[in-house]
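# Structure assessment
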Amino acid sequence: MARDLAPLVDTLAEIVGPRHVRTALPERVTYAKDGLPTHRRVPGVVVLPGSRDEVIAVVRLLGALGMPFVPRGAGTGLSGGALADGDAVLIVLTRLNRILKIDARNRLAVVEPGVVNVRLSVAAAPHGLQYTPDPSSQTACTIGGNVAENAGGPHCLKYGVTATHVLALEVALADGRVVELGSPGGEPWGPDLVGLFVGSEGNFGVATRITVRLLPVARAVRTLLADFTSLRTAGEAVSAVIASGIVPAALEMMDQSCIQAVEDSVYAAGYPRDAAAVLLAELDGAHEAAVAADAETIQAVLRAHGARSVLVAADAQQREKLWLGRKKAFGAMGRLSRDLVVQDAVVPRSTLPDVLETIARIAAEYGLTVSNVFHAGDGNLHPNISFDGRTPGLRERVEAASAEIMATCIAAGGTITGEHGIGLDKLRYMPLLFDGDSLAAMRAVRHVWDPEERVNPGKVVPVHACREWSGLRMGRAPNPGAQSAIRNPQSAIDRKATAR
Amino acid sequence: MSLLDRVRALLGDEAVEVAATPDGVPRVAPASPDAVALLLGTAREEGWRVRIEGAGTWLPADAPADLALTTRRLDKIPAIEPQDLSATAEAGIGCDLLRQQLADRGTWLALDPPGLAGRTLGSIIATATAGPLRQGFGPVRDHLLGVTFVTGDGRLVHSGGRVVKNVAGYDLTRLEAGAFGAFGVIVLIHLRLRALPRADQTLALEGSREDLTQVAEDIAAAGIQPAAHELMSPALARRERWLLAVRFAGSAALVAAEEAGLRAATGGRFAPLRADEGHSLWMRAAESFATRPVAFRVGGLPDSSDELLDLLQHQVGDEWISASPAIGAIRWGGEATIDRLKRLRRTLAGLEVPLTLERAPWPVRSAVGHFGAYREGVGPLVAGLRRTFDPGEAFVVAAEGAE
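All of these numbers come straight from a predicted model, not from anything done at the bench.

## Details of the overall build of chain B
- Looking only at helices and strands, chain B features 14 helices and 18 strands.
- Its C-alpha radius of gyration of 21 Å places chain B within 12% of the 22 Å reference for a compact globule of 403 residues.
- The principal-axis extent of the C-alpha atoms belonging to chain B is close to 70 × 50 × 40 Å.
- Taking all 403 residues of chain B together, the buried fraction comes to 61%.
- Here the contacts in chain B between residues at least 6 apart in sequence split such that 69% fall between residues at least 24 apart.

## Description of the overall build of chain A
- In terms of regular secondary structure, chain A is built from 19 helices and 20 strands.
- Since a compact globule built from 500 residues should have a radius of gyration of about 23 Å, the 23 Å found for chain A is in line with a globular shape.
- By residue count, 60% of the 500 residues in chain A fall in the buried class.
- Taking the contacts inside chain A whose residues are at least 6 apart along the sequence as the reference set, 72% of them involve residues at least 24 apart.

## Focus: helix 11 (residues 305-316) of chain B
Residue and element names in this part refer to chain B.
- Taking 1.5 Å as the rise per residue, helix 11 with twelve residues should run 16 Å; its terminal C-alpha atoms sit 16 Å apart, in good agreement.
- Regarding helix 11, the residues found buried are Ser305, Leu308, Leu309, Leu311, Leu312 and Val316. Projected down its long axis, helix 11 shows its buried positions confined to an angular sector of 160°, all on one face. Of the exposed residues in helix 11, those oriented more than 90 degrees away from the buried face are Asp310 and His314.
- Elements in contact with the buried residues of helix 11: helix 7 (209-221), strand 15 (294-299), strand 16 (320-324), strand 17 (329-334) and helix 12 (338-350).
- Looking at the residues trailing helix 11, positive phi occurs at Gly317, about 85°.

## Side note on the packing of helix 9 (residues 231-243) of chain A against helix 14 (residues 352-366) of chain A
Residues and elements named next belong to chain A.
- Packing of helix 9 against helix 14 brings their axes to within 8 Å, and their N-to-C directions diverge by 150°. The orientation of helix 9 relative to helix 14 falls into the category roughly antiparallel. Seen along the crossing, helix 9 lies across helix 14 with a hand that is right-handed. Residues Leu231, Arg232, Gly235, Glu236 and Val238 of helix 9 form the contact with helix 14, whose participating residues are Leu352, Pro353, Leu356 and Glu357.

## Comments concerning the sheet that holds strand 13 (residues 242-250) of chain B
Residues and elements named next belong to chain B.
- The eight strands are arranged 14-11-13-12-16-17-15-18 in an open sheet whose pairing can be described as antiparallel. In this open sheet, the two edge strands, each paired with only one partner strand, are strand 14 (271-272) and strand 18 (355-359).
- Summarising the sheet, strand 12 (residues 228-232) and strand 13 pair through five bridges and their orientation is antiparallel. Within strand 13, the residue paired with His229 across the bridge is Val246.
- Relative to the sheet, helix 9 (residues 252-266) contacts strand 11 (199-207) and strand 13, its axis offset from that of strand 13 by approximately 150°.

## Focus: unusual backbone geometry
Residues and elements named next belong to chain A.
- Positioned with a positive phi, Asn150 is a non-glycine residue whose angle comes to about 50°.
- In this fold, Asn150 is placed in the loop between helix 5 (143-149) and helix 6 (156-159).
- Under the C-beta neighbour-count criterion, Asn150 is labelled buried, with 27 such atoms within 10 Å.

## Focus: the sheet that holds strand 16 (residues 339-342) of chain A
All names here are of chain A.
- A sheet is described by the order of its strands in space; here seven strands give the open sequence 15-12-14-13-18-20-16, paired in antiparallel fashion. In this open sheet, the two strands that pair with only one neighbour each are strand 15 (309-312) and strand 16. Here the average twist between neighbouring strands, direction ignored, is 20°.
- Note: strand 12 (residues 220-228) against strand 15, four bridges, orientation antiparallel. Among the inter-strand pairings, Asp227 is bridged to a residue of strand 15, identified as Ser309.
- Here helix 9 sits on the sheet and contacts strand 12, strand 13 (250-255) and strand 14 (277-285); the angle it forms with strand 14, its principal contact strand, is near 20°.

## Some thoughts on the interface of chain B and chain A
- On the chain A side, the residues contacting the 64 residues of chain B number 75 residues.
- Elements supplying a minimum of two residues to the side of chain B that touches chain A: strand 8 (156-160), helix 6 (172-176), helix 9 and helix 14 (378-389) of chain B.
- Taken together, the residues of the side of chain B that touches chain A break down into 29 nonpolar, 18 polar and 17 charged.

## Structural notes on the domain arrangement of chain A
All names here are of chain A.
- Domain boundaries assigned for chain A yield domain 1 (1-217 + 435-500), domain 2 (220-331) and domain 3 (337-428).
- Taken over C-alpha atoms, the centre of domain 1 sits 36 Å from the centre of domain 2.
- At the interface, five residues of domain 1 touch eight residues of domain 2.
- Residue classes in the side of domain 1 that touches domain 2 are distributed as two nonpolar, two polar and one charged.

## What to know about the pairing of strand 9 (residues 178-182) of chain A
All names here are of chain A.
- Pairing between strand 8 (residues 166-172) and strand 9: five bridges, direction antiparallel. Across the sheet, residue Glu170 finds its bridge partner in strand 9, namely Glu180.
- Linking strand 8 to strand 9, which pair antiparallel, is a turn of five residues; within it Gly176 sits at a positive phi near 95°.

## Section: the domain arrangement of chain B
All names here are of chain B.
- Under the domain assignment, chain B is made up of domain 1 (79-195), domain 2 (199-273) and domain 3 (289-359).
- Here domain 1 and domain 2 have C-alpha centroids that lie 28 Å from each other.
- Between domain 1 and domain 2, the contact holds five residues from the first and six residues from the second.
- In terms of residue class, the side of domain 1 that touches domain 2 is made up of three nonpolar, two polar and no charged.

Conventions used here
Residue positions are given per chain, counted from 1 along the sequence in the order it is written. Labels are handed out in written order, letters beginning with A for the chains and numbers beginning with 1 for the ligands. With the structure being a predicted model, the display of local features is reserved for residues of pLDDT at least 70 and the display and counting of side-chain atom pairs for 80 or more, all residues being used for whole-chain, interface and lining totals. Each helix is a run of H or I in the DSSP string that is no shorter than four residues. Each strand is a run of E no shorter than two, and both are numbered from the N terminus. Both definitions apply: the radius of gyration is a C-alpha atom measure, and the globule rule equals 2.2 Å times residues to the power 0.38. Each residue is classified by how many other C-beta atoms fall within 10 Å of its C-beta atom, where C-beta atoms are placed from the backbone; a count of 20 or more means buried, 12 or fewer means exposed, and values in between mean partly exposed. Placing a C-beta atom from the backbone of each residue, one calls two residues in contact when those atoms lie within 7 Å. The span one expects for a helix is its residue count, reduced by one, times 1.5 Å. The arc in question is formed by the directions pointing from the helix axis toward the C-beta atoms. To obtain each axis, a line is fitted to C-alpha atoms, and for helices this fit is confined to the stretch in contact; angles are then taken between N-to-C directions over 0 to 180 degrees. Angle categories are assigned with fixed cut-offs, so that under 35 degrees is roughly parallel, over 145 is roughly antiparallel, 65 to 115 is roughly perpendicular, and the rest are oblique. In a left-handed crossing the near helix is turned counterclockwise from the far helix by less than a right angle, and in a right-handed crossing that turn is clockwise. A pair of strands is considered paired only if DSSP assigns at least 2 bridges between the two. Here the nonpolar group is Ala, Val, Leu, Ile, Met, Phe, Trp, Tyr, Cys and Pro; Asp, Glu, Lys and Arg are the charged ones; every other residue, Gly included, is treated as polar. Here the limits of each domain have been adopted from an automatic or database domain assignment.

Below you can see the structure in the form of structure tokens.
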């Protein structure tokens, strides 16, 4: 902990209790990474508020002091997004884990940001409802984190990503002011600030209450596993399925490297080991006959486009097994080597065959193992690079290969992230995607929410690449009252309120 | 040099329409996004006040301004990609033309906004006016992959892209959808498409509002998931009584199963419409809102739909109403005074229900505002965003009404 943060700690402890302020280096180090091993930042202080009011009090204190802070959920992110530097406070929201309301009649739920994703669907299940965004980390990741990253998941192909399901938010802004965005029915009060906030990676404030839409649990489900002898053929089959007019609930692809990793693990799902790729397709709906007919159609499409065989899950147990292999694929790949970089990019679906071949060529050129497990129906690639970070020079090769993969996806008309976010990891690619005016517009929008750029600083927008924007206020405001605020935080808050 | 001479020098003679607007404001029709940027950059320098127009069929072209910027020459469709179910279109394309070209490629934009068939795509997005299909396919923002817009000081800003998932940078696309042009002129749009449905069936039931409200609840309770599920007032439906219209769209198997489910849940009371009858019903209802001077939408909850309809009936009448009871969305059309609209907005705000004024003559728009009765803290954010995207206050947009 930086020495000048010491006086802050006592004040934080008064707000959240001493147990919930972490200052010892070994404790802070546990928060130094997210799910991506290539970025490491040790926060100055870690604070774990236990209620909405505590979050607001902490944010107000930090606002009065002009201190940077980073909101964090479960830390399962994959972009280096929820990392704080030594001069910043990490606000961990996992203790705000209450489901405040499930309104079955209106099909909505109100939750605190630290609620683990899958818990909401479990709680809604007795009402025949579910929360459909289902990131692979859904047994650990929080809904607050999902909101910050606009998280996706396999079933977002049919049901949409997090932004589709967030109706309203209560947000603590950088200075601790509380704003209410959206309405329970989903109609905004004016411009769509909920839509703007979702996916802002914590740059606009801390969501303290989240209202989400729930959807009926599908009454009929068919899960298909198609295997292919070439990656290209599997990619072509994806386009054929999409063009068929039937939208599967999910359409996932795993390549041979991934299949082997899964089959060698405790999550072995019975995927054919000799396949170059498998497609896992799921169809669901309210009517058994309709889902069965659509599944027949999709089977025919898959066979017509090169599937060697198509397995239909015989029962719920087999379906769960097939899905467990997919959902735990990232974990299974941990067996391949010590470190794993999970990449994230999106390409137009029709370009999948070419892009997959190019990625394989890049992997060969750099002498790296790249495994693909991804949301094929969305064109959302996850090329995963397995490596041992202790090998001299290997990290640099991984970085170079990642950059080449990103450039390939952009050249194909795609983007650099479909669900993991920019964070620290992809800052350098943003100028490849957006010109200086567009980046500056983003930065200017950020200043409307957080004029001093104190919330999750240094993420999402590469400041150096922004063109000048009229009215942009640069840098942090001078803060002469900071020291006295540490001794008496309430007085500083009151002063700020008066100044406003 | 006069304003028009300046514009001609900038964009060429063909950018200036010879026929004057009804209120005498010169109308300029740039032919490219860059030309829009050039024009607005100059407007910022000269201090011109600019109103944004599309085809002129939805919002009246009556806002006081130095010039009218119409998007009608931005009418190209650079790409339709059936295999990716995406398309890129300029903002001034008429929806009827776009719909036809998409259908020719086997694709469909699942939006059925109110207004005339030739309404521009940019107008629909800027006002976020979805129609009955919002029940099955979501609001306007869910159909957007990205937009390019020009700010009030002439900057071209790109947001999103043309792929179906994208979290690179802040989502300015969603911010632009429904901002009524307060944050910029939308010039180019990347759209999410669907395959043209193999089957498309509308069924209808006439009855009293109370009876049909109960039927609508039964349909929702039975787990039936129509593409549209709309309660229409008699005038709107051109029937003797209220009409509950249900539309299923998708594969033949899905539509057949949903129809069977509807029959089972409602005792076979619905009458299927022929394809031309169904098309005509939805089209007429959409066009009707363009014939009334005022239209607004309210967004409540499903269990408050009936209460909201009562409230509307009491405060502004219920002659022209289209409601999606299963999602709590209601569109109202008719004549209403400024005072009544303001009072209604205040009453609805007390129920946590926003009212968005979609269409009205300028005196009403400027007094009531498209938006208002913001929740805690929203006003300063909206004001900050307006200053960011329109620092010279070039755009004449009645985002908020006069107090």
